[in-house]
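Chain and residue survey
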Amino acid sequence: MMKFFAVSLAVMLLSSCAFAGSIETITLIETQGQAKTELLIGATQEQLAEYFPDGKMNSQILAFLVRIGGSEILFDAGLKGGNIPAELAKNGTKPEDVKTILLTHLHPDHFGGLVDGKGKAAFPNADVYIGKVERAYWVDELKNENVIAALKLYEGRIHLFDFGDEVVSGVKAIDTTGHTPGHVSFLAENDGEKLLVLGDIMHFQAIQLPIPEVAVRYDTDPEKAVQSRKFILDYASMKNIPIAGMHMTPPGIANVKKSGGGYETY
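About the cut-offs
- Residues numbered from 1 in each chain as written.
- Predicted model: local features only at pLDDT ≥ 70, side-chain atom pairs only at ≥ 80, totals over all residues.
- Heavy atoms only, no water.
- Helix = DSSP H or I, 4+ residues; strand = E, 2+ residues; numbered from the N terminus.
- Contact = heavy atoms within 4.5 Å.
- Polar contact = N/O pair within 3.5 Å; in protein donor to acceptor, adjacent residues only side chain to side chain.
- Pairing = 2+ DSSP bridges.
- Axes fitted to C-alpha atoms, helices over the stretch in contact; angles between N-to-C directions.
- Core = buried A, V, L, I, M, F, W, Y, C linked by side-chain atoms within 4.5 Å.
- Buried < 20%, exposed > 50% of the residue type's maximum accessible area, 1.4 Å probe, protein only.

**As for the environment of E213**
Counting through the fold element by element, E213 comes out in the loop between α7 (205-208) and β14 (215-216). Along the backbone, E213 and M202 are eleven residues apart, and their C-alpha atoms lie at a distance of 11 Å. Here E213 is in contact with I41, V226, K230 and G261, once residues within four sequence places are set aside. Only 3.0 Å separates the side chain of E213 from the side chain of K230, close enough to count as a polar contact.

Printed below as a string of structure tokens:
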């Protein structure tokens, strides 16, 4: 069972640590705000009234610094010129100390923070790991200028991987495509302890946990995104593995179990 420590609610909302034996997970908060329910796909009016009576949903962007067996890994980087370096500093890590960054996918709120406010590499000593399918989609197919420019700053330090690969020691890439064509989640394991870093499997857990069939408008393939959500949450619940999600309610780390036709945290 993971234990969460916070001196106060205010501190918890800035950064949170969770310890699972030999895995330490630190939540890094990029932004917090609200979103409109129009972003949802597949929710009935009755469901919207039940879960969001005021028509607004809590929305946040998170990243995670995970310490595994003496190594630090940054999972996703937040927004360009954003708050992640400041969040890292609160936890004793400078941007130049970050050596390993694993990206779940290449949406701006996940890769953008590779670039600082001056257009330079925010993490000058980091190696960046990206799924082959995801990179091919954004760089080769869409020729996205922002992605290309960000990756160029890390030329010679970009590493590509396939679904199922051990990306770095103790961290495996899991195929959770649908939100984007190459979206991955990561399974970290050390000394028998495990953690699932989900990426964008869920954006609005208040409704997507109990009703996983609800998708969002920025899913590239909503049907496949639903399948991936059910797959990874089933896996986490059956194996009793804690999850860390980039848009979950802070601290963004929880255990899940089956509940009715969906899931709930505990």
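**Things to note about the sheet that holds strand β12 (residues 184-190)**
Within a sheet, each strand pairs with its neighbour through backbone hydrogen bonds, oriented either parallel or antiparallel. The six strands are arranged β10-β11-β12-β13-β15-β16 in an open sheet whose pairing can be described as mixed. A single partner strand is all that each edge strand has here, and the edge strands are β10 (166-168) and β16 (253-254). As defined by bridge partners, β10 adjoins strand β11 (residues 171-175) across two bridges and the pair is classed as antiparallel. Looking at β11, one finds that E166 is bridged to K172. Across the sheet, helix α8 (residues 222-239) lies against β11, β12, β13 (193-199) and β15 (243-245), angled at about 165° from β13, the strand it touches most.

**Things to note about the nonpolar core**
Membership of the largest hydrophobic core comes to 28 residues, with the highest contact counts inside it found for L28, L74, L88, I101, L103, L114 and F123. Those elements that place two or more of their residues in this core are β3 (23-36), β5 (56-68), α3 (84-90), β8 (127-131), α5 (132-141) and α6 (145-152). When residues no more than four places from it in sequence are discounted, the contact partners of I101 are L74, L114, F123, A126, D127, V128 and Y129. If you look at the next biggest cluster of nonpolar residues, it comprises 23 residues, including V171, F186, V197 and M246.

Purely spatial values, then, with no claim about function.
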